[in-house]
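# Coordinates in review
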Amino acid sequence: RVKLKKLNLWNNRRKTIAKRYLNDLIGISDLQLPIVEDWADPVWHLFVVQSKKRDALVKYLNEFNVSTLIHYPVPPHLSEAFKNMKFKIGDFPITERLSNSVLSLPIGPHLVLAHLEHVISTLSINN
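The text that follows walks through the structure, step by step, so that each part is easy to find. (Residues numbered from 1 in each chain as written. Predicted model: local features only at pLDDT ≥ 70, side-chain atom pairs only at ≥ 80, totals over all residues. Heavy atoms only, no water.)

Another aspect to go through is the side chain of Gln50. The residue Gln50 is located in strand 1 (residues 47-50) in this model. Judged by relative accessible area, Gln50 falls into the buried class, the value being 18%. If we ignore the near neighbours within four places in the chain, the residues touching Gln50 are Asp30, Leu31, Gln32, Arg97, Leu98, Ser101 and Val102. (Helix = DSSP H or I, 4+ residues; strand = E, 2+ residues; numbered from the N terminus. Buried < 20%, exposed > 50% of the residue type's maximum accessible area, 1.4 Å probe, protein only. Contact = heavy atoms within 4.5 Å.)

Let's shift gears to helix 2 (residues 54-63). Listing the buried residues of helix 2 in full gives Arg54, Leu57, Val58, Tyr60 and Leu61. The buried residues of helix 2 occupy an angular sector of 165° when the element is viewed end-on, so they sit on one face. Residues Asp55, Lys59 and Glu63 are exposed on helix 2 and point more than 90 degrees away from its buried face. Lining the buried residues of helix 2 we find helix 3 (93-99), strand 2 (102-105) and helix 4 (113-125). (Arc of directions from axis to C-beta.)

Quick look at the environment of Pro76 now. By the element assignment, Pro76 lies in the loop between helix 2 and helix 3. Residue classification places Pro76 among the partly exposed residues on the basis of a relative accessible area of 34%. When the C-alpha positions of Pro76 and Ser101 are compared, they lie 15 Å apart, and in sequence the two are 25 residues distant. Each residue touching Pro76, except ones within four places of it in the same chain, is listed here: Phe82 and Thr95.

Turning our eyes to something else, we now look at unusual backbone geometry. Look at Asp30: it is not a glycine, yet its phi comes out positive at around 60°. Relative to the elements of secondary structure, Asp30 occurs in the loop between helix 1 (7-24) and strand 1. Positive phi outside glycine occurs at Asn65, with the angle close to 60°. Mapped onto the secondary structure, Asn65 falls in the loop between helix 2 and helix 3. Since its relative accessible area comes to 65%, Asn65 is described here as exposed.

Here is the structure:
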């Protein structure tokens, strides 16, 4: 309950960070940004981007002390949780493509401006 008092503040902070990413990272080669419909108002729990060279991008960002996360490195249908369903590679090709291309950039409400600018400039230099 203590943290709920900060929820609106933290959500607004995430929205501010996402807006910077969306504005400043547009046009970065091989970086697909999330698409937000005009009617949507996301709170940006995660800022997930896509790259066909995701693993190389993660390595590059790590070299510059930019942490990223890969939330589903194994497509759910190929995980142990669904083993009894006998899914195989190719059953869900979009999910499989995404599991090899998505990563999350830092976006927590405590992300300081200097770190945000470091993430953006590091990605821009790589362009």
